[in-house]
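# Geometric and topological summary
Take a look at the letters that make up each chain.
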Amino acid sequence: MVVSSGTQGNPTSRPKRWSRATSWRVGTPVVVLLCGGLLAVSFVNADGTDLRPGRYEDLATLVDGERSRYNRLEAQLTDLQSEVDHLTSGVSDKDVKKLQKQSAKLADPAGTSDHSGAGMQIVLGDAPSEVQESYTGDDPNSLVVHQQDIQAVVNALWSGGAEAITIAGKRIITTTGIKCSGSTVQLDGVPYPQPYVIEAVGDPDRLQAAIDRDDHVQNYRADALDPKVQIGWSLKPLTYLTAPAYDGLLDVKYAKPLPQDD
């Protein structure tokens, strides 16, 4: 009976030990393969970028990274445009020459050539950090620069006869888009951090008069003088400045009337 009992006990325990060992031998390669697959998928989706946003210590770093990428693409565009201009200049067709002369006359008003002269510089910026931290008012949005603030200044300068305007050194034309993206402002999709330097070529007296009569700008300047807000504002006339030519894409889209049924 003792032998019979021992014979029944041993066989029942050994299969369990073999089952665990087999599970480890089979499971470990499967886990390794799965991890490798996840790493491969992450590498493909990253496409050379970092999938962990925590790597960026602050917003300025992210803005600088995006701007560097934009500058590389812009340099490629400039090279291609130079090549197109070189090939176009070699065309001897009369109609092409006529169109080139017309284009040259429109370059200045269109903003595709440098424009220099007297003018004005205006700088907008968020309230100092210590003011933002101690602010107890009802409208914290008054402490930061918004797209409508920049647009108001630009529109006032245009109404004052500005011949050319730049923001952060970039030429503004009729198709330039200005909008907020978080705590930065984008110009044609490119983010720029504050402070925002706006320069305009034109008669300084006329530009000053236009700034003084714009209601939105006056409200902004009142906040700049308010010790509880202190949003950034500075204005100074310039005897000479140059607004560089617009160097972005000229992708003009316009509506066409639908054909009328007879």
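Now for a look at the structure at hand. Keep in mind that what you see is a predicted model, and the values were worked out from it rather than measured.

### What to know about the nonpolar core
L124, I150, V153, L157, I165, I167 and I198 are the most contacted members of the largest nonpolar core, which totals 31 residues. Taken together, the elements giving at least two residues each to this core come down to β1 (115-125), α5 (147-159), β2 (164-167), β5 (184-187), β6 (190-192), β7 (196-201), α6 (204-213) and α7 (215-225). With residues up to four places along the chain from it excluded, the contact list for L124 reads V145, D149, I150, V153, P195, Y196, I198, Y220, G232 and W233. In terms of nonpolar packing, the next biggest core, distinct from the first, is built from five residues, A164, L238, L241 and A243 among them.

### What about the side chain of H115?
You can see H115 is positioned in strand β1. Assessed through its relative accessible area of 13%, H115 is described here as buried. Polar side-chain contacts of H115 include one of 2.7 Å to the side chain of E163. Leave out the neighbours within four places in its chain, and H115 touches D108, E163, A164, R171, V201, L241, T242 and A243.

### Things to note about the sheet that holds β5
With antiparallel pairing, the three strands of this open sheet are ordered in space as β4-β5-β6. Two strands lie at the open edges of the sheet, namely β4 (178-181) and β6, each paired on one side alone. Pairwise comparison of adjacent strand axes, ignoring direction, gives a mean angle of 40° for this sheet. The pairing of β5 with β6 spans three bridges and is classified as antiparallel. Each bridged residue has a counterpart across the sheet, and for V185 the counterpart in β6 is Y192. Each of β4 and β5 is contacted by α5, which is oriented at about 160° to β4, the strand it contacts most.

### Focus: α5
Counted at 1.5 Å a residue, the expected span for α5 with its 13 residues is 18 Å, and the 18 Å between its end C-alpha atoms agrees. Inspection of α5 places D149, I150, A152, V153, V154, A156 and L157 among the buried residues, and these make up the whole buried set. Immediately beyond the C-terminal end of α5, within one or two residues, lies G161, with a positive phi of roughly 90°.

### Quick look at the pattern of salt bridges
Applying the stated criterion across every chain, the model contains two salt bridges. Of the charged contacts, one joins D247 and K170 as a salt bridge, the two residues approaching to 3.6 Å between their closest N and O atoms. Note that D247 is positioned in the segment after β8 (232-243) and K170 in strand β3 (residues 170-172), a separation of 77 residues in sequence. Overall, the relative accessible area of 34% leaves D247 in the partly exposed class. A salt bridge links R221 to D212; the shortest N-O distance between them is 3.0 Å. Among the residues examined, R221 registers a relative accessible area of 23% and is labelled partly exposed. In this structure D212 comes out as partly exposed when scored by relative accessible area, which is 38%.

Rules of the game
Residues numbered from 1 in each chain as written. Predicted model: local features only at pLDDT ≥ 70, side-chain atom pairs only at ≥ 80, totals over all residues. Heavy atoms only, no water. Core = buried A, V, L, I, M, F, W, Y, C linked by side-chain atoms within 4.5 Å. Buried < 20%, exposed > 50% of the residue type's maximum accessible area, 1.4 Å probe, protein only. Helix = DSSP H or I, 4+ residues; strand = E, 2+ residues; numbered from the N terminus. Contact = heavy atoms within 4.5 Å. Polar contact = N/O pair within 3.5 Å; in protein donor to acceptor, adjacent residues only side chain to side chain. Pairing = 2+ DSSP bridges. Axes fitted to C-alpha atoms, helices over the stretch in contact; angles between N-to-C directions. Expected span 1.5 Å × (residues − 1). Salt bridge = Lys/Arg side-chain N within 4 Å of Asp/Glu carboxyl O.

Read these as layout, nothing more, since geometry by itself doesn't imply function.
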